[in-house]
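# Architecture at a glance
Below, each chain spelled out in residue letters.
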Amino acid sequence: MSAVSTPPVKPSPARRDAESTRTAILKAARYLLARHAHGDITLKAVADRAGVSPPLILKYFGNKDTLFARVMSFETDAEALLAAPLDGLGPHMVRHVLVSQSEQGADPLLRIVFAPLHGEQGDILRANFRTQVTDRLTDRLTGPDAALRAELAVATLLGLGVMYGIARGPELRASTVDALTDRYAPTVQAYLTPQMNESKGS
């Protein structure tokens, strides 16, 4: 007697729709936060960009403050940004920033550039960025001046994100991700890798 096979359980259409709607709302809010002060962003603006109604945002997130508390967290972004061994982390981070910009229209770091515009929300954004991105990267590094090197590496990535996504440099945007990664990643990787004389303390 043959065993009865059980087909894999697939998410229901309603669940898939709910997940895609949440993702669209968060993506829209992140896009707007990277370009406008928090106080200037309305739920209607988020809804319009996400292609949903404002009441649907309230259904999934409760209110604007709850939505932007999620948006101002870098936890998920940091996990993806730092998901590579240390000896190849520079190329991974550069590629991640470029692919996020070119394919998704959103930079995983760029929201922090506009933090001074956000008042109290800016303080939250900066604190989250420090603990979830730069401090987490610092913990990965070996050798002296790890915190400074982490901040320099992240600053280098931010510069790339600004030039590619905001200034929209035509030469950058005409280049392939592979070509830009080959040129730019060694600079980032240099901050992540201690020099031989530094690691020996000389």
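Let me begin by describing the structure that accompanies this report. Along each chain, residue indices are assigned from 1 in the same order as the chain's sequence is written. Where totals are concerned, whole chains, interfaces and linings use all residues; where local detail is concerned, this predicted model gives features only for residues with pLDDT of at least 70, and gives and counts side-chain atom pairs only at 80 or more. Heavy atoms from the whole structure form the basis of all side-chain values; hydrogens and water molecules are not counted.

Scanning the protein chain for helices and strands turns up 11 helices and 0 strands. Ordered by position from N to C terminus, the α and β elements of the protein chain give α-α-α-α-α-α-α-α-α-α-α. What makes two residues a contact is simply this: any of their non-hydrogen atoms within 4.5 Å. Nonlocal contacts in the protein chain, meaning residues at least 24 apart in sequence, comprise 67% of its contacts between residues at least 6 apart. Summed over its atoms, the accessible surface of the protein chain is roughly 11,300 Å², and 55% of this surface lies on carbon and sulfur atoms. Under the DSSP-based scheme used, a helix requires at least four consecutive residues in state H or I and a strand at least two consecutive residues in state E, with every element numbered from the N terminus. The accessible surface values rely on the Shrake-Rupley method and a 1.4 Å probe; as for residues, cover is taken only from the protein chains in view.

This brings us to the side chain of T156. Secondary-structure assignment places T156 in helix α8 (residues 146-165). Burial status follows relative accessibility: with a 1.4 Å probe on protein chains alone, a residue under 20% of its type maximum counts as buried, one over 50% as exposed, and anything between as partly exposed. Residue classification places T156 among the buried residues on the basis of a relative accessible area of 13%. Setting aside chain neighbours within four positions, we find T156 in contact with Y184, T187, V188 and Y191.

It is worth spelling out the nonpolar core at this point. Counting 51 residues, the largest nonpolar core has I25, V46, I57, L67, F68 and L137 as its most contacted members. In terms of residue count, α8 provides more of this core than any other element does, 8 residues in total. Apart from the residues within four sequence positions on either side, V46 is in contact with I25, A28, A29, L32, I41, I57, L67 and F68. Among buried residues, the Ala, Val, Leu, Ile, Met, Phe, Trp, Tyr and Cys ones that are joined through side-chain atoms within 4.5 Å form a nonpolar core.

What a helix is expected to span follows from its residue count: subtract one and scale by 1.5 Å. With 16 residues, helix α6 (residues 89-104) extends 21 Å between its outermost C-alpha atoms, agreeing within 8% with the 22 Å of an ideal straight helix rising 1.5 Å per residue. Listing the buried residues of α6 in full gives L89, G90, M93, V94, V97, L98, S100 and Q101. Viewed along the axis of α6, the buried residues span an arc of 165°, placing them on a single side of the element. Taken together, the buried residues of α6 touch α5 (75-81), α7 (120-140), α8 and α10 (177-192). Just downstream of α6, G105 is the residue with a positive phi angle, here 70°. The arc under discussion is defined with respect to the helix axis, by the directions toward the C-beta atoms.

Here the focus is the environment of P144. Topologically, P144 is positioned in the loop between α7 and α8. Separated by 50 residues in sequence, P144 and P194 place their C-alpha atoms 7.2 Å apart.

Phi at D145 is positive, roughly 55°, even though this residue is not glycine. Mapping D145 onto the fold places it in the loop between α7 and α8. With a phi close to 55°, R168 is a non-glycine residue in the positive phi region. Along the chain, R168 falls in the loop between α8 and α9 (170-174). Residue classification places R168 among the partly exposed residues on the basis of a relative accessible area of 48%.

Planes of paired rings set the category: under 30 degrees apart is stacked, over 60 is edge-to-face and the rest tilted, where pairs are Phe, Tyr or Trp rings (Trp by its six-membered ring) whose centres lie within 6.5 Å. Per the counting criterion, the structure on display carries 1 aromatic pair. Look at F74 and F129: their rings are 5.0 Å apart centre to centre, the planes differ by 80°, and that puts the pair in the edge-to-face class. Taken together, the positions of F74 in the loop between α4 (64-71) and α5 and F129 in helix α7 put the pair 55 residues apart, joining distant regions of the chain. Charge-over-ring contacts are defined here by two conditions on Lys NZ or Arg CZ: a distance within 6 Å of the ring centre and an angle within 35 degrees of the ring normal. The ring of Y31 carries the charged tip of R49 above its face, separated from the ring centre by 3.4 Å.

Read these as spatial facts, not as claims about activity.
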